[in-house]
Amino acid sequence: MIHVQSLSYSFGNHWALKDVSFSLAPGDFLFLVGPSGAGKTTLMRVLHGSLPVQRGRAEVAGVDLGKLKAGRLHYLRRQIGVVFQDFKVLAGRTVFDNVALPLYVQGMKKQVIQHRVRAVLRSLELDTKAQCPCQELSGGEQQRVAIARSVVIKPKIILADEPTGNLDHELGQRLMHVFHQFNKHGTTIVFATHNREILANTPHANILYLRDGATVVRENAPYG
Amino acid sequence: MFQFLGLFAQGCRDIFRTPWALCLTLAAVSLVTFLAGMFLMFVNTLEDQILRRQAEVQFQVYWDRDASLEAVHDAWQAMNGLSRLTSLRTFTPDAALDVLAQAFDGQVDLKEFKKDSPLPATALLTFMLPREDQKEWARTILVRLESFSGVSKVHYNPLRIDVLHSWMQFSKKGFWPVICFLVLVVGLVVGNTIKLALFQRRDEIEILRLVGASRLYVRMPLIIGGAAQGLLGGLLALGLLGLVHLGLQDMLNFPPLWVQIQFLSFREMLGMLAVLMCIGTLSSFVALKEG
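Predicted, not measured: the structure shown is a model, and the values here were computed from it.

### Some remarks on the overall build of chain A
Summing up its helical and strand segments, chain A has 6 helices and 10 strands in all. Per-residue burial for chain A yields a buried fraction of 53% across its 224 residues. Considering only residue pairs separated by 6 or more positions, chain A has 69% of its internal contacts joining residues 24 or more positions apart. Accessible surface, chain A: about 10300 Å² in total, of which carbon and sulfur atoms supply 48%.

Rendered as structure tokens:
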């Protein structure tokens, strides 16, 4: 599902990624762990096509990112769900509109959108807040909206960049449970965090430790 | 198709999401367009006056003295059918002598020449000049008149055509730089508004891109917004011009001026709106490329 080979990325003279390699099969769960500035977000952005492949090779959902034309990028992104630490929800719009956004941009029919969004909101216990503007929600609820938006497209891959970073421990654990559920259904998940406590509850996950852009340790655990 | 229409509607709706920016843009576009419209009205009125007052040219045709009167009469008849001819005065040799005698107020006796007038048959033709290519037209008429049987020479005053031509050229040459300048100003105003809209909506655009929106999906509403702002600004400016014209149209319409200020033609109004929409679209496109 994701193949990264000798991937390096520099911002000017500073190398944010140095020769990173890993491979994920469908349904794998990968933790990217490392302190701030280790290169986790840079790696996520390269995998999402927000940054170009400068050196090495990165293949996501069968697409070679180095050869992907800018005009075709949106097709790849329609297969990838993204969740960020700062939520990135449209504060003035309702929960329903936020979650439905990826389906709107794909031009899906209204009935399909209604059906899918309602189902996802139910699964994340947001159905009672569907018509609330996001600015009226708590941080945890806004993060659940972001997760709902990322899974409503039934993605092959979810890229989660420190999604629990702004949440308290209990809320973080609850959100981790949501990610586990989607992972169990076959979604590949790449989860960046600098919080090692989260790793304890996901024993089957692969772990990639990064420091200063380079792979320090790589642990592979059998799936399931 | 439905998505396209949806994006179109969204583009029109979105411009009202930033009402202050919209008001400022519309004010700027309307004022610049108003200036352009006033200038166009001035040019129209100027051209109208030039054509009305100086648009006639006279050709004097002289026949050979020995030309038969029958041939001369045939030529006069044929000349009557020439296009743009407004009047034709003809003189037989005797009639020309009478006119000459009248010019001397009877102080000179020309009766002795009556039997064998030394003057040739002549015709004085007055034409309305065309709006375009006056010089070329005059040359064509000259050749046509000289081709009539028995015609000895044809006189006309090319200076009059030169003066008219120069006025028309002046109004046209002055017109385009001013219009280009105003178009540039409109483009900059709309472009900057779109940049402002992009800045205000950068989070939304970023999220749209993250969730897989195509370039068209992100850009089209903003481009439509630019075109809509151009159109709205143009309509406002035309309304303003209409009001001003209503108040000023007869301001100079009194003796001895008799100048009626001309409003824009339907074609000019449509052209103005089309140009504004194009500028709005283009400047939005450029702003998006840079943004």
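Structure shown, so let's carry the discussion forward.
### A look at the packing of aromatic side chains
Evaluation of the coordinates by the stated rule reveals 10 aromatic pairs over all chains. Both rings, one in phenylalanine 39 of chain B and one in phenylalanine 42 of chain B, keep their centres 6.5 Å apart while their planes meet at 35 degrees; by these two values the pair is tilted. With phenylalanine 39 of chain B and phenylalanine 42 of chain B both in helix α2 (residues 19–54) and 3 residues apart, the pair spans about one turn of that helix. Of the residues examined, phenylalanine 39 of chain B reaches a relative accessible area of 21% and is grouped as partly exposed. Through a chain of ring-to-ring contacts, the aromatic side chains of Phe29, Phe31, Phe179 and Phe191 of chain A assemble into a single cluster. Note that lysine 88 of chain A overlies the ring of phenylalanine 84 of chain A, its terminal NZ or CZ placed 5.4 Å from the centroid. Sitting over the face of the ring of tyrosine 62 of chain B, lysine 153 of chain B holds its NZ or CZ atom 5.5 Å from the ring centroid.

### Re empty space enclosed by the protein
Residues and elements named next belong to chain B. In this structure the tally under the stated criterion is 4 cavities of 30 Å³ or more. Its boundaries defined by the atoms lining it, the largest cavity holds a volume of some 120 Å³. The wall of the largest cavity is formed by 13 residues, among which Asp14, Ile15, Thr18, Ala197 and Gln229 lie closest to the centre. Going through the elements one at a time, α2, α6 (158–200) and α8 (215–248) are the ones with two or more residues in the lining of the largest cavity. For the lining of the largest cavity, the leading source of residues is α8, giving 4 residues.

### Regarding the side chain of threonine 126 of chain B
Residues and elements named next belong to chain B. Here threonine 126 lies in strand β3 (residues 122–128). Within the structure, threonine 126 has its side chain in polar contact with the side chain of glutamine 58 (distance 3.3 Å). In this structure threonine 126 touches Glu56, Val57, Gln58, Arg84, Leu85, Thr86 and Ser87, once residues within four positions along its chain are discounted.

### Points about the interface of chain A and chain B
Counting residues at the interface gives 20 residues for chain A and 14 residues for chain B. Of the roughly 1400 Å² buried between chain A and chain B on both sides combined, carbon and sulfur atoms contribute 63%. Together, Arg77, Lys88 and Val105 of chain A form the three largest contributors to the area buried by chain A at its contact with chain B, with a combined 33%. The tally of links from chain A across to chain B stands at 2 salt bridges. Between glutamate 206 of chain B and lysine 88 of chain A there is a salt bridge; the shortest N-O distance is 3.3 Å. At the boundary of chain A with chain B, the tally comes to 5 residue pairs in polar contact (both at pLDDT 80 or more). Of all the secondary-structure elements, those providing two or more residues to the side of chain A that touches chain B are α2 (73–77), β6 (80–84) and α3 (95–105) of chain A. Among the elements that make up the side of chain A that touches chain B, the one with the highest residue count is α3 of chain A (4 residues). Across the side of chain A that touches chain B, the residue classes tally to 9 nonpolar, 6 polar and 5 charged.

What counts and how
Residues numbered from 1 in each chain as written. Chains lettered and ligands numbered in written order. Predicted model: local features only at pLDDT ≥ 70, side-chain atom pairs only at ≥ 80, totals over all residues. Heavy atoms only, no water. Helix = DSSP H or I, 4+ residues; strand = E, 2+ residues; numbered from the N terminus. Buried < 20%, exposed > 50% of the residue type's maximum accessible area, 1.4 Å probe, protein only. Contact = heavy atoms within 4.5 Å. Areas by Shrake-Rupley, 256 points an atom, 1.4 Å probe, with all protein chains shown as cover. Phe/Tyr/Trp six-rings, centres within 6.5 Å; stacked < 30°, edge-to-face > 60°. Lys NZ or Arg CZ within 6 Å of the ring centre and 35° of its normal. 1 Å grid on protein atoms, 1.4 Å probe; cavity = no way out; pocket = protein on both sides within 12 Å on 5 of 7 lines; lining within 4 Å. Points joined across faces, edges and corners; volume = space filled by probe spheres on them. Polar contact = N/O pair within 3.5 Å; in protein donor to acceptor, adjacent residues only side chain to side chain. Buried area = accessible area lost by both parts, 1.4 Å probe. Salt bridge = Lys/Arg side-chain N within 4 Å of Asp/Glu carboxyl O. Nonpolar A, V, L, I, M, F, W, Y, C, P; charged D, E, K, R; others polar.

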